[in-house]
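Given next are the chains, with one letter for each unit.
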Amino acid sequence: DRQIEDWPVSYVGVRGDVIAIAVALGVPLPGDLLPDGRAVEGDGRAGRSIYSSPSIRYAGRGIFTGATEFTFQGRLMVGQTVLQCRQKPGSYVAQRETLRPRQVVCPDMLQQNQIERVTQERGSLVPEALLVRVFEQGHVPDDFESPLDEGRFTHLKWAS
């Protein structure tokens, strides 16, 4: 849809058990039921709200993505997933970082209090890519970026 292509890009960290639902039906709100009857868990900050960010560096934090452990060629690996979405203008409130401890992730947006986007509007986030980061357990890389992060693509580690 041409209209959606004009919406701003937002990133949403998703846990493994929610990926298929989010890709097929859109990003679920906390409390929505999964096919197995379990409810989608939120991060405990604001009930039935979805948090996204214009920064993959922020959305890719472990608190949002969780971690899926697996063994590959005898090494213990970790995988994390982030959805790259288009977010409907006017459907969210931009705000400062609410996680603690505060870390400088994307200074220009932190200063403008825009690192988090919060919405309760179902369907306002339209997934367009599933981004995956894989690393050896205990060696969490710190060099994944989005076009809005510092360094613009100099060390892109997420793959779609």
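A. Representation of the side chain of glutamine 87 within the structure. For glutamine 87, the position within the fold is in strand S4 (residues 75-87). Residue classification places glutamine 87 among the buried positions, given a relative accessible area of 0%. Of note is the side chain of glutamine 87, whose polar atom sits 2.6 Å from the side chain of serine 10. Only 2.8 Å separates the side chain of glutamine 87 from the side chain of serine 52, close enough to count as a polar contact. Excluding residues that lie within four positions of it along the chain, glutamine 87 makes contacts with Trp7, Pro8, Ser10, Ser52, Tyr92, Arg117, Thr119, Ser124 and Leu125.

B. Just the pairing of strand S3 (residues 68-72), in detail. In terms of strand pairing, S3 meets S4 through five bridges, oriented antiparallel. Of the residues in S4, the one forming a bridge with phenylalanine 70 is methionine 77.

C. How the structure looks around the pattern of salt bridges. Applying the stated rule across the entire model yields six salt bridges. Ionic pairing is found between arginine 48 and aspartate 32, a salt bridge with its closest N-O pair at 3.0 Å. Residue arginine 48 is located in the loop between helix H2 (19-25) and strand S2 (50-52), and its partner aspartate 32 is located in the loop between H2 and S2; the two are separated by 16 residues in the primary sequence. You can call arginine 48 partly exposed: its relative accessible area is 38%. When the shortest N-O distance is used, the salt bridge between aspartate 32 and arginine 122 registers 2.7 Å. Separated by 90 residues along the polypeptide, aspartate 32 in the loop between H2 and S2 and arginine 122 in the loop between strand S6 (116-119) and strand S7 (125-136) bring together distant segments of the chain. Look at aspartate 32 and you get buried, because its relative accessible area is 14%. Linked through salt bridges whose partners overlap, the residues forming this network are Asp32, Arg48 and Arg122.

Rules of the game
- Residues numbered from 1 in each chain as written.
- Predicted model: local features only at pLDDT ≥ 70, side-chain atom pairs only at ≥ 80, totals over all residues.
- Heavy atoms only, no water.
- Helix = DSSP H or I, 4+ residues; strand = E, 2+ residues; numbered from the N terminus.
- Buried < 20%, exposed > 50% of the residue type's maximum accessible area, 1.4 Å probe, protein only.
- Polar contact = N/O pair within 3.5 Å; in protein donor to acceptor, adjacent residues only side chain to side chain.
- Contact = heavy atoms within 4.5 Å.
- Pairing = 2+ DSSP bridges.
- Salt bridge = Lys/Arg side-chain N within 4 Å of Asp/Glu carboxyl O.

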